[in-house]
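Chain residues, written in single-letter form:
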Amino acid sequence: VHELSLSSAIVNTAAKHADGRRVTLVSLRVGKLRQVVPDTLEFYFEFQARGSVCEGARLEMEVVDARLHCLPCDVEWAIEIPAFRCPTCGGSEVEIASGNEFEVESIEIETEENACIAQK
Amino acid sequence: MHRAKVTVVEEALDANNTIASANRADFDRHDVTVVNFMSAPGAGKTTLLERVARDVPGVRVGVLEGDVQGSMDADRLAHLHVPVVQLNTGSGFGGECHLDANMVRSAIPALPLHDIDLLVVENVGNLVCPAEFKIGEDARVMVCSVTEGEDKPLKYPLMFRACELVIVNKVDLLPHLDFDLEMLLYNIDQVHPGVETIVLSAKTGEGIEPWREWLSRIAARERVTA
């Protein structure tokens, strides 16, 4: 259950950017290669958020497809099974174009004024 | 009360990675190469360390033992007279299923960094979680054993991709098993094309020399690049 540690990392990242303000929504981008179970993550997030500025916040997840890029062939393709060789040339000079993400994309916070919040 | 969106775009594990970098800087300062040693429970990590820890040519080895509970593995290594430090992850839910950078950081004061060249960190037995958390290592090694099934690389790609050496252990059992070694090696290559593999038996000692040489080589490589 790395979701426990991962959810604590999410809470800490969100809290850092919230700067003491109350967080109502955390938007996350999770790549398919990260082996994260969304329901489990949500469960632990609720638990880890208790007592922090994220308490009661909703966790929103965008799942990012796994895509590979072959450098010699310069082709890109999506994978559903973990095969990392290029289907065209069979080579291994393949880089992950997407699918490794585990990032807090944005948070929604409560504020006194109806103003844009500039990020420092 | 209004609501406002704040753009963050930050890797959630940045905090862990920052601590991992600090660990690595401490290790580098002492010219200590660090190997993160990972596998499923019971794949043979401790036995593989017993085999070589005392005798890597020109390299003084130390071990950091990560376990949820207890010091059984550290006790097993005690007779080798190499420095062994125990790190238990037990707290809260009965113990974390992996080591993270902060846990390793907490163990650094107990490590005799002046007296070792190579620190092998035996992670908690688990094929999922340890792959997510850098601890400040120079290299990652994973062990899979022939009792685990040929499909494991396809089920745990993150782990098989995270390492630069895959050890296939317990090959002495092959005559007793319905196990296709070629299929396992093919699956490893699909998930992590070109990754170095060593096929061995920690029990009989077959294939142990390449493992010893690999440790010697990795320590030398890091000394050159440091």
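Below is a short write-up of the structure.

Reading the values: rules and limits
Residues numbered from 1 in each chain as written. Chains lettered and ligands numbered in written order. Predicted model: local features only at pLDDT ≥ 70, side-chain atom pairs only at ≥ 80, totals over all residues. Heavy atoms only, no water. Helix = DSSP H or I, 4+ residues; strand = E, 2+ residues; numbered from the N terminus. Salt bridge = Lys/Arg side-chain N within 4 Å of Asp/Glu carboxyl O. Buried < 20%, exposed > 50% of the residue type's maximum accessible area, 1.4 Å probe, protein only. Core = buried A, V, L, I, M, F, W, Y, C linked by side-chain atoms within 4.5 Å. Contact = heavy atoms within 4.5 Å. Pairing = 2+ DSSP bridges. Axes fitted to C-alpha atoms, helices over the stretch in contact; angles between N-to-C directions.

**Describing unusual backbone geometry**
Working step 1: One non-glycine residue, aspartate 19 of chain A, lies in positive phi territory at about 55°.
Working step 2: Mapped onto the elements of the fold, aspartate 19 of chain A is located in the loop between helix H1 (2-18) and strand E1 (23-31).
Working step 3: One non-glycine residue, valine 9 of chain B, adopts positive backbone phi at about 45°.

**Points about the pattern of salt bridges**
Working step 1: The full count for this structure, using the stated rule, is 23 salt bridges over all chains.
Working step 2: The partner of lysine 16 of chain A in a salt bridge is glutamate 10 of chain B, and the shortest N-O contact between them spans 2.8 Å. Linking lysine 16 of chain A in helix H1 with glutamate 10 of chain B in strand E1 (residues 2-11), this pair reaches from one chain into another.
Working step 3: Judged by relative accessible area, glutamate 10 of chain B falls into the buried class, the value being 14%.
Working step 4: For glutamate 196 of chain B, the salt bridge identified is with arginine 217 of chain B, shortest N-O distance 3.1 Å. Here arginine 217 of chain B lies in helix H8 (residues 208-225) and glutamate 196 of chain B lies in strand E8 (residues 196-199), a separation of 21 residues in the sequence.
Working step 5: The exposure class assigned to glutamate 196 of chain B is partly exposed, which follows from its relative accessible area of 30%.

**Section: the nonpolar core**
Working step 1: Phe37, Leu48, Ile167, Trp211 and Trp214 of chain B are the most contacted members of the largest nonpolar core, which totals 30 residues.
Working step 2: Where this core is concerned, the elements lending two or more residues are strand E2 (33-39), helix H2 (45-52), strand E3 (61-67), strand E5 (118-122), strand E6 (139-145), strand E7 (165-169) and H8 of chain B.
Working step 3: Leaving out residues up to four positions away in the same chain, tryptophan 214 of chain B has contacts with Val35, Ala139, Val141, Glu164, Leu165, Glu196 and Ile198 of chain B.
Working step 4: Within the second largest apolar cluster, 26 residues are counted, among which are Val26, Leu28 and Ile109 of chain A together with Val6 of chain B.

**Structural notes on the pairing of strand E4 (residues 75-78) of chain A**
Working step 1: The sheet contact formed by strand E3 (residues 67-70) of chain A and E4 of chain A spans four bridges and is antiparallel. Following the sheet pairing, leucine 68 of chain A is matched in E4 of chain A by tryptophan 77 of chain A.

**Digging into the sheet that holds E3 of chain A**
Residues and elements named next belong to chain A.
Working step 1: Across the sheet, three strands lie side by side as E4-E3-E5; this open sheet has antiparallel pairing. Every other strand in the sheet has two partners, leaving E4 and strand E5 (94-98) as the edge strands with one partner each. For this sheet, the mean inter-axis angle between neighbouring strands, taken without regard to orientation, is 30°.

These results come straight from atomic positions and should not be treated as a statement about function.
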